[in-house]
Structure formats: structure tokens, C-alpha cells
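An overview of the molecular structure
So the chains spell out like this:
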Amino acid sequence: MPNHEQIYKNQAEQYDLMISRQPSLLAVIEEITPIKGQDVIDLGAGSGRLTSVLAPHAKSILALDASAAMLEVNAQQLTQAGLSNWKTNVADHRELPADANSADVIVAGWTVCYLTSSEVPNNEFNLEKIIQEMKRVLRPGGTIVIMETMGTGYETPHPPEFLTQYYSLLENKYGFSHKWIRLDYQFKDIAEAEQLSRFFFGDELADRVAREKLVTLPECAGVWWLKPH
């Protein structure tokens, strides 16, 4: 599998192109909680998959990520959109650079998994710290929304084995509600589909994309949400 940490550090623009081939998540989030007029924190904001669609509606948005390179792409997009209600900051999910009771909504897309996979040391402790930090910065009545993969190349949920414990903890220990959605990639042609899937998902899936000519690559995503107070 490709090294995602290296991708986020050195190939942020390529990554941004890939996720631009997925549908907007604004409606999915707004079904759970309104964004208009809210102070939002986007954890693991990356190149702006969520930041760019939420910022035009939010009162303010703080985009946090471990990768400065990804946040640069994010900032460029926000600037180009003529927005000024945002800030970016390099951060670790276990220690958020935000005041207590400073956010109405926290979103975390495809990011908490990197610290909570069963292949990571102290994964359960990491999740405990992350949830504590989210609750600390959230105002009473606020909402946490977490999104993660439920399987790329599958039409129904097929979560990676190393994430099933984390997903179970979200629901059974921390009380998150849960649903799954389809977020298929719509590539412009076979060449782009193969190149971008090889870049991020590795040879096995890319070979299948080429063999089956998958301009549309199925993707299942899980959505978890919680109103802690």
C-alpha cells in the first residue's frame, strides 16, 4: 500500500485531485446538524474536502491537520473562493489548539483512523484522548461528526479489519449514532481512474480498475455523529 503520510506531505495536490472526484458532503453533514452561522472545527482537514464546502456557510472554520503541505492547498482554495472566516493550524488530534467551548460543530473526515487503527500502538488510548479533546472544545448542544472508509471498490460496506474495533468503540463505548453512504469516485476517464487509484490505494485495486474499466469506482463511507451535552 502507498505511504499515506508521505502522500499528505509531498503530494497534496494529487490527493486533492483524487478526492475532487467524489460528491460534496455538505448535504450529508447538514442532515445531522446545521452549519449556517456555526463555529466549525475541521479535524484532519487536509487539502479541504470538508473545509471548502462548509466554510461558505459557517460563521468561522478552523482547519487542523498534521500536514502543513495539505493545509497550504486548503488555504489556497479558501483564498481563491474569497473567504476570510477561516484559519489553519498544524495540530495533533490528541491536543487541539482550540479553547474550551469554542466550537458548535466538529467534523473529522477520514483522519481519526490513523491514530485508532488496531495496527497502531495505544490505539484505544489515542481514541480516548481524541474524544476527550473533541468534548472539551465543543459547546453545550454541539455536534461531532466523524467520517471514515467502509471500503473502496465495494458496493456495500466492507470495512478494513484493522478499523472494525475502532468503529465498534465509537458506537458501543462512546455512544455515536451511525449510518453508511455511497461516495463513489467519478473519474473523467480510465487513464485517470487507474492512475489516481494506484497513487492512493495501491496496485491490487488499480489493476482491477484497469481490468474492469471502472471509471466509476464504488466507495462506501461510514458516518458517526454524537451530541455529547
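Please read these numbers as outputs of a predicted model, since none were measured by experiment. In this numbering scheme, every chain counts its residues from 1 along its sequence in written order. In view of the model being predicted, local features appear only for residues whose pLDDT reaches at least 70, and side-chain atom pairs are presented and counted only at 80 or more, with totals across whole chains, interfaces and linings using the full set of residues. Working from all heavy atoms in the structure, the side-chain values ignore hydrogens and water.

Next up on the list: the sheet that holds strand β2 (residues 60–65). Pairs of strands are assigned from DSSP output, requiring at least two bridges between the strands. Segments assigned H or I by DSSP are reported as helices when at least four residues long, segments assigned E as strands when at least two residues long, and all are numbered from the N terminus. Across the sheet, 7 strands lie side by side as β3-β2-β1-β4-β5-β9-β6; this open sheet has mixed pairing. Unpaired on one side and paired on the other, β3 (86–90) and β6 (177–182) mark the two borders of the sheet. Direction aside, the axes of adjacent strands within the sheet are offset by 20° on average. Pairing between strand β5 (residues 138–152) and strand β9 (residues 219–226): 7 bridges, direction antiparallel. Within β9, the position partnered with Glu-148 by the bridge is Gly-222. Contacts are assigned to residue pairs that have any heavy atoms within 4.5 Å of one another. The angle between two axes is taken between their N-to-C directions and runs from 0 to 180 degrees, where each axis is a line fitted to C-alpha atoms and a helix contributes only its stretch in contact. Docked against the sheet, helix α5 (residues 68–80) engages β2 and β3, running at close to 170° with respect to β3.

All right, on to the pattern of salt bridges then. One speaks of a salt bridge when a side-chain nitrogen belonging to Lys or Arg is within 4 Å of a carboxyl oxygen belonging to Asp or Glu. Taken as a whole and assessed by the stated rule, the structure comprises 12 salt bridges. Among the ionic pairs, Arg-182 bridges to Asp-184, the shortest N-O distance being 2.8 Å. Classification of Asp-184 as buried rests on a relative accessible area of 14%. The salt bridge partner of Glu-194 is Arg-198, with a shortest N-O separation of 2.7 Å. Relative accessibility thresholds used throughout: buried, under 20% of the residue-type maximum; exposed, over 50%; partly exposed, between the two (1.4 Å probe, protein chains only).

So, about the side chain of Thr-51. Its place among the elements puts Thr-51 in helix α4 (residues 51–54). Overall, Thr-51 belongs to the buried group, its relative accessible area being 0%. There is a polar contact of 2.6 Å between the side chain of Thr-51 and the side chain of Asp-42. There is a polar contact of 3.1 Å between the side chain of Thr-51 and the side chain of Asn-74. Residue contacts for Thr-51: discarding those within four places in its chain leaves Asp-42, Ala-45, Pro-56, Ile-61, Ala-63, Asn-74 and Leu-78. Whenever a nitrogen or oxygen atom comes within 3.5 Å of another N or O atom, the pair is scored as a polar contact, on the condition that within protein one atom can donate a hydrogen and the other can accept it, and that pairs from neighbouring residues in sequence are kept only if both atoms are in side chains.

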